[in-house]
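Close look at the chain arrangement
Residue-level listing of the chains:
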Amino acid sequence: MLKASHLHKEYAKVVAVNDISFEVKPATIFGLLGPNGAGKTTTIRMILNIIVPDSGEVSFEGKPFDESAKNFIGFLPEERGLYRKSTVMDTILYFAALRNIPRADAKQRAMKWLERFEIGTFGSRKVEELSKGNQQKIQFITAILHDPRLLILDEPFSGLD
């Protein structure tokens, strides 16, 4: 499903990632473990083409990774990327629209996930009114709402209630 081959990234004189290779097969859980500064987030960003590796390749489902692959991947970044002044539902619907999910379908999916996380009444609240843990739940919902084939989580339990 996902293959990283000989990824390498340097910043000035700091080697952030040095020749990492791995393969993630379908229906498996794969983890990148290491101390702070080990290059985990940099590796994830190279996989998603957020930053370009100095060398190495990434492929998804046997093809070189390109922008179209992002439609099949859910990503929960370490930093929160939510619009704090928007309501929870508007935020979820915005991210769903980026994935071309029809609004009515997106709203139904959002309500299912909000209920599952026991925050079903939070749809009209502003994101900034939520605890960090509940904001993390909203961010998780935005990462999975489009039923991705691959889900990438960077520090998924950071601040989670």
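Residues numbered from 1 in each chain as written. Predicted model: local features only at pLDDT ≥ 70, side-chain atom pairs only at ≥ 80, totals over all residues. Heavy atoms only, no water.

1. Some thoughts on the sheet that holds strand β1 (residues 2-11)
The following threshold applies: Strands pair, by our definition, only if DSSP identifies at least two bridges between them. The helix and strand labels rest on DSSP assignments: H or I over at least four residues marks a helix, E over at least two residues marks a strand, and numbering proceeds from the N terminus. Every residue pair with non-hydrogen atoms within 4.5 Å of one another is taken to be in contact. The axes are straight lines fitted to the C-alpha atoms, using for helices just the contacting stretch, and the angles between their N-to-C directions are given from 0 to 180°.
Pairing is antiparallel in the open sheet, where four strands are placed in the order β2-β1-β3-β4. Edge positions in the open sheet fall to β2 (14-24) and β4 (63-64), since each of these has one partner strand only. The sheet contact formed by strand β3 (residues 55-60) and β4 spans two bridges and is antiparallel. Bridging across to β4, Phe 60 finds its partner in Lys 63. The sheet contacts of helix α1 (residues 40-47) involve β1, β2 and β3, and relative to β1 the element is tilted by about 120 degrees.

2. Digging into the nonpolar core
Using the following cut-off: The term nonpolar core refers to a set of buried residues drawn from Ala, Val, Leu, Ile, Met, Phe, Trp, Tyr and Cys, joined through side-chain atoms within 4.5 Å. For each residue, the accessible area found with a 1.4 Å probe, counting protein chains only, is set against the maximum for its type, and the residue is called buried under 20%, exposed over 50%, and partly exposed in between.
Ranked by internal contacts, the top residues of the largest apolar core, which has 19 residues, are Val 88, Ile 92, Ala 106, Leu 114, Ile 138, Ile 141 and Leu 145. Residue assignment for this core shows that the elements contributing at least two residues are α2 (88-98), α3 (103-116) and α4 (132-144). Per element, the largest residue contribution to this core is five residues, and it comes from α2. When residues no more than four places from it in sequence are discounted, the contact partners of Ile 141 are Ile 92, Trp 113, Leu 114 and Phe 117. Of all hydrophobic cores here, the second largest spans 18 residues; its members include Ala 4, Leu 7, Met 46 and Val 58.

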